[in-house]
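# Structure at a glance
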Amino acid sequence: MLNNLTDTEEGEGGPNCQGDGNPKESSPFINSSSASDVEKSQQYNGKNMALFEEEMDNSPMVSSILSSLANYSNLPQGSKEHEEAENEEGAAPSKKKPAVKAPSLGTLMGVYLPCIQNIFGVILFLRMTWMVGIGGVFGSFVIVFMCCSTTMLTAISMSAIATNGVVPAGGSYYMISRSLGPEFGGAVGICFYLGTTFAGAMYILGAIELLLIYILPQAAIFKMEGLEGADMEAAMLNNMRVYGTIVLSFMATVVFVGVKYVNKLALVFLACVILSILAVYAGVIKTAFEPPVFPVCILGNRTLISKGFDVCAKVIERDNGTVTTKLWKIFCDSEFLNATCDEYFANNNVSEIQGIPGVSSGILAENLFGYYLEKGDFLEKRGISAMQDPEAVITNSNRYVLADITSFFTLLVGIYFPSVTGIMAGSNRSGDLRDAQKSIPIGTIAAITTTSIVYMSAVVLFGACIEGVVLRDKFGEGVDGNLVIGTLAWPSPWVIVIGSFFSTCGAGLQSLTGAPRLLQAISRDSVIPFLKVFGHGKANGEPTWALLLTASICEIGIIIASLDAVAPILSMFFLMCYMFVNLACALQTLLRTPNWRPRFKFYHWALSFLGMSLCLSLMFICSWYYAIVAMVIATCIYKYIEFAGAEKEWGDGIRGISLSAARFALMRLEEGPPHTKNWRPQIMVLVSVDAEHNVEQPRLLSLTNQLKAGKGLTIVGTSVVGTYLNNHAEAQQADQSLRKLMETEKVKGFSQVVISSNLRDGTSHLIQVGGLGGLKHNTVLVSWPRTWKQAEDNLRFRNFIEVVRETTAASMALLVPKNIAAYPSNGERFTEGHIDVWWIVHDGGMLMLLPFLLRQHKVWRKCKMRIFTVAQMDDNSIQMKKDLITFLYHLRIDAEVEVVEMHDSDISAYTYEKTLVMEQRSQILKQMHLTKNEMEREIQSITDSSRGSIRRKNPSNLRSQQSSGEPAGVSVEEKPEEESVAVSRPKQVQLIHNKNATPTSPTSPITPAGGVATPGSEVQMTWTDKAEHQAAAAHPEQGGVKDIFNMKPEWESLNQSNVRRMHTALRLNEVIMKKSKDAKLVLLNMPGPPKNHMGEENYMEFLEVLTEGLNRVLLVRGGGREVITIYS
């Protein structure tokens, strides 16, 4: 029950094999460097193929490679490498290396007989008769049929996989790993390795059992004679442990010294198995004419141990007198007829029955149904009554044959299943087969059919030939200590005993030979990093370290010491292996991958799923706790390979599943937009790269990682200037740089590089085409252009404003972190502090959601959340606070709440002056086409002259008190779309936003703060003495507040919309600085961009003023939809 991996020197996993760490399997024909340039020129020195001259440098002509394609060796590359290495060591350097021997094995010798040898084994000889006696013919037939069906279905799936291309040695491990990927392959490969290793322990224990019970009982170190119950069982187990360890050490030494001798003895071991089975069939035929004499002594209905007496009777007649027998002396205190005897012995008669009545005796009807026993129960003969006092104390129990374990149906399944394993032996020899794609299916299915017929017929024949109490007698104690199946054999029981002993020893050697090679193949695939050491071995490739580990694990099975306890363990591992072989075939069939073209056509995905279901069912039928342990081991290995293993691209089915599942999910996402409850930020991160293709704002990715508590999509994109043909290499370098930074910052997502004639178009393309189908980004994260005021970065800030416009047009959310270099890295921790949210306008809840997501990350976890909102003159701030607290409670968000009151106030002269400087600078930059240095000087001169005019004029209070007491109003009429400015009543300047003012729109909202009116309303903003002093105190460098009448000619030219926007920015900045200056992060609504390109510089200035003095600011602009809800 082992998959023979010993037929190639190396197995799979040589230094240059497909799984040696290369990410993809390479072809020996394309881009091959084997042919020299001279040879190529000779090959292609013709004019018939002139049209393909350019391709011939990279792609060879078909005529030149057909020979190589047809003769492509199916030897595993590892084997060839080691054969060459051996030849190099053994031969002089000048000698030519001998050619590699071509595979020559056919179906019979290469597949059929090895499978027969591996399937037939110790369970058939030691436990088959006991299983029939305990489970009955009917129950045992169900077990055999179920197990054989499982292996047959698995063989069909395996044949399909094995004929879908070349399968090097490695057997099921290679097939599973290349079909299901390195994670499943590694996990199942380890399980298969453990199963093979424990199989070695089971064979060794079987050999020791044969030796100590049937061949040489006197060799026992711990004597069992005279012991009862637990003492006798302990002595037996200790004998198994001692002799098992000795035999294991001897076998490991044999394997280490010379594997070739083990392979040569394989035919001898196979001959022993076949002769033993033929002897059993011959014995069955003989029982029909002349049943062998194997009497069984029964006391009442209890089976007696045959040792210690010679006659099955209480007394015998001798010399005209009645004489007691040895049996009498066992149960009585003396040999006289008046002796005191055991109560049960005295009340019941002794009878002798025939142990093997023969196939024509009709015993089959009695053995048809099961007879399950508890541990310590007597083996009782059916149909015989016995007189027994239920309350009587049982004595002399060591004289009866007792059940050594509690038996039940599932236990029988676990013990029996190892006798049908070994079906992978043919696929493991694929490197030696002349035509593997023909031999593997035929040989494997024929071997399973043969063994299944033998097993099923054996169940029926055993039940038809052998008495039930003998069948249930596991160790043959009632038949003079003979092997039960041996009593049926012809010509002698010793044929079975000796044959089964040698075949069991041979199977143990095969396990210790094959398991290390399997481990070596896994190690050399480099999918499990900590196993790399076991890939090394001797100079000829023998896996020395793997053999040492195998022997150590095998010793664990030896210490368990019970064949019945070890068999279910290896059943688990083999069943798991077979389950994944079926899964691999089913997936490949359902996915219909183009490369799935098996030469074996008699397969179907339904058969594979049925086989997989049977394997899974049998795992839990055998032992549910062993099944869970095996699954936990496989899961741990799977997750370890996924976490730390080398990335492999083997074209496996799991990748195909991923592609199919992704396509299905994308098609489902196309059905409609996600519900608010499912909304999460799918982020497109726009970064820029320098001349060396390094990311200029790496902290953007740190912030992205910290926002990914939402587990949404992440696309990191950048643009490269140029054309695709000329700059493709640069784009690849930039992509590698992005991937490396994403890996460093632990950002799980995708990178995307676009080549465009200019950065503006490239960024626009990223925003438009990023994502696929329904899985598109809904949020754009872009850094604030820090040096936007510098003339050389004029284009950069205009690109930034275009990004704002495009995200608004596309209904995407926009996140703009300012001072991104000051943001924390993923390794930093804030132990205290606040995340302040300034909720000015409703943006669908983005301002609420983002702090919640940030606080899921360890960087921000200790920060508390504060929400500020602004109340105007007509608002009830107390009620606003209550409503906001209730709203946050329904949102399940913990945060402090504060309502900031911003009453209507005057517009300070500083606001006018700042607006004036801003507009003058913008006008100069638009009208003049200057060089960089000249532009900088011009800006500086404008700023200096403006500041000088402020210093020259003396500030004075506004005098509007008139003696007549009547208001003298001064009005300035503007264009219809602008606001009217009126000065009326003493000590007042009245700014009226009438109904003709430009209305706000979703694309350009005017922040509702003090001093900014909404459409259709009138706001009174008063210029007072108190306001003058406050402005002077806030801006002492201005030399006091300007006289509004003295500055009137300069102010008249100002756009009053810009004045009000600047006023809002200054007022908000003043309040935010007062409340959130020490906050770790400030989140703030981002105003909309200007509709036209005339006011772009002004827009940037407004944002700069709004966030001035704050360390970390995240400007947030919603996407026009609700992203957070109070409902569950």
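Relevant structure appears above.
The notes below deal with the structure included here.

About the criteria used
- Every chain begins its residue count from 1, and numbering advances along the sequence as written.
- Reporting in this predicted model follows two pLDDT cut-offs: at least 70 for local features of residues, and 80 or more for side-chain atom pairs to be given and counted; totals over whole chains, interfaces and linings ignore these cut-offs and use all residues.
- Each side-chain value is derived from all of the structure's non-hydrogen atoms; neither hydrogens nor water enter the calculation.
- Segments assigned H or I by DSSP are reported as helices when at least four residues long, segments assigned E as strands when at least two residues long, and all are numbered from the N terminus.
- Classification of residues uses two cut-offs on accessible area relative to the type maximum, computed with a 1.4 Å probe and protein chains only: under 20% is buried, over 50% is exposed, and between them is partly exposed.
- In this analysis, two residues are considered to be in contact whenever any of their non-hydrogen atoms come within 4.5 Å of each other.
- Each accessible area is a Shrake-Rupley estimate made with a 1.4 Å probe; only the visible protein chains count as cover when residues are assessed.
- Strands pair, by our definition, only if DSSP identifies at least two bridges between them.
- Consider the strands pointing away from the viewer: the crossover is right-handed when the path from the first strand over the helix to the second runs clockwise.
- Any pair of nitrogen or oxygen atoms within 3.5 Å is treated as a polar contact; in protein, a donor-acceptor pairing is required on top of that, and neighbouring residues in sequence qualify only through side-chain atoms on both sides.
- Each patch is assembled from residues with relative accessible area greater than 30% and no salt bridge, linking like charges that lie within 9 Å and nonpolar side chains (Val, Leu, Ile, Met, Phe, Trp, Tyr) that lie within 5 Å.
- One speaks of a salt bridge when a side-chain nitrogen belonging to Lys or Arg is within 4 Å of a carboxyl oxygen belonging to Asp or Glu.
- Axis geometry follows a simple rule: fit a line to the C-alpha atoms, using only the stretch in contact for helices, then measure angles between N-to-C directions, giving values from 0 to 180 degrees.
- Here, expected helix span is obtained from the residue count minus one, scaled by 1.5 Å.
- One axis is fitted to the seven residues ending at the residue and one to the seven starting there. The bend at that residue is the angle between these axes.
- Stacked, tilted and edge-to-face are the three classes assigned to paired rings of Phe, Tyr and Trp, where Trp is represented by its six-membered ring and a pair needs centres within 6.5 Å; plane angles under 30 degrees give stacked, over 60 edge-to-face, the rest tilted.
- Placement of a charge over a ring requires the Lys NZ or Arg CZ to be within 6 Å of the ring centre, with the centre-to-atom vector within 35 degrees of the ring normal.
- Throughout, nonpolar core names a set of buried Ala, Val, Leu, Ile, Met, Phe, Trp, Tyr and Cys residues whose side chains join them through atoms within 4.5 Å.

A few words on the overall build of the protein. What the protein contains, in helices and strands, is 35 helices and 18 strands. For the protein, with 1128 residues in total, the buried portion stands at 52%. Summarising the internal contacts of the protein: among those between residues at least 6 apart in sequence, 80% fall at separations of at least 24. Here the protein displays about 52000 Å² of accessible surface, and carbon together with sulfur accounts for 57% of that area.

Turning our eyes to something else, we now look at the pairing of strand S13 (residues 896–901). Of the pairings in the sheet, the one linking strand S12 (residues 864–871) to S13 comprises 6 bridges and is parallel in character. Residue pairing for S13: Val-870 is matched across the bridge by Val-900. Each parallel crossover has a hand, and for S12 linked through helix H29 (residues 877–890) to S13 it is right-handed.

Examined against the element boundaries, Thr-723 turns out to sit in the loop between strand S7 (714–721) and helix H25 (724–744). When neighbours within four sequence positions are excluded, Thr-723 is seen to be in contact with His-728 and Ile-755. Among the polar contacts made by the side chain of Thr-723, one reaches the side chain of Asn-726 at a distance of 3.0 Å.

The subject of this paragraph is a nonpolar patch on the surface. On the surface, a cluster of nonpolar side chains totalling about 690 Å² of accessible area is made up of Phe-138, Phe-141, Val-142, Phe-145, Leu-364, Leu-368, Phe-369 and Val-460. With 4 residues, the single largest contributor to the nonpolar patch is helix H6 (residues 128–162). With respect to the helices and strands, the residue Leu-368 is situated in the loop between strand S5 (350–354) and helix H13 (409–416).

Below, the discussion takes up the sheet that holds strand S17 (residues 1081–1085). Reading across from one edge, S8-S7-S6-S9-S10-S18-S17-S11-S12-S13 is the order of the 10 strands in this open sheet, with mixed pairing throughout. At either margin of the open sheet sits one strand with a lone partner, and together these are strand S8 (750–756) and S13. Adjacent strand axes in the sheet meet at a mean angle of 20 degrees when their direction is disregarded. Pairing analysis gives 6 bridges linking strand S11 (residues 834–839) to S12, with the strands arranged parallel.

Here the focus is H6. Here H6 spans only 32 Å end to end across 35 residues, well under the 51 Å set by a 1.5 Å rise per residue. A maximum bend of about 115 degrees is found in H6 at Gly-136. Judged by how many residues are buried, H6 sits mostly within the fold: 30 of 35 residues are covered.

Taken as a whole and judged by the stated rule, the model has 24 aromatic pairs. Through a chain of ring-to-ring contacts, the aromatic side chains of Trp-328, Phe-331, Tyr-344, Phe-345, Phe-378 and Tyr-400 assemble into a single cluster. We note Arg-302 situated over the ring of Tyr-400; from NZ or CZ to the ring centre the distance is 5.2 Å. Its end group placed over the ring of Tyr-371, Arg-472 keeps NZ or CZ at 4.3 Å from the ring centre.

Now for the nonpolar core. If you look at the biggest cluster of nonpolar residues, it comprises 165 residues, and the most contacted ones within it are Met-128, Val-144, Met-202, Tyr-416, Tyr-455, Phe-462 and Ile-466. Sorting elements by how many residues they give to this core places helix H7 (residues 171–215) first, with 24 residues. Phe-462 has contacts with Met-128, Thr-129, Val-132, Val-280, Leu-471, Ile-485 and Leu-488, leaving out every residue within four places of it along the chain. By size, the runner-up hydrophobic cluster in this structure holds 47 residues, among which are Val-685, Val-747, Trp-860 and Ile-867.

Further remarks concern the side chain of Ser-407. Residue position: Ser-407 is located in the loop between S5 and H13. Residue Ser-407 is classed as buried on the basis of its relative accessible area, which comes to 6%. Residue contacts for Ser-407: discarding those within four places in its chain leaves Trp-130, Ile-134, Tyr-372 and Leu-373.

Moving on to the pattern of salt bridges. Scanning the model with the defined rule gives 15 salt bridges in all. For Glu-802, the salt bridge goes to Arg-805, with nearest N and O atoms at 2.8 Å. With Glu-802 and Arg-805 both in helix H27 (residues 794–809) and 3 residues apart, this pair spans about one turn of that helix. In this structure, the salt-bridge partner of Glu-1104 is Lys-818, at a minimum N-O distance of 3.0 Å. You can see Glu-1104 sitting in helix H35 (residues 1096–1106) and its partner Lys-818 sitting in strand S10 (residues 813–818), a full 286 residues away along the chain. An identical accessibility class is assigned to Glu-1104 and Lys-818; each is buried. A cluster of three or more residues bridged by salt bridges with shared partners is formed by Arg-127, Glu-209, Asp-404, Lys-474 and Asp-564.

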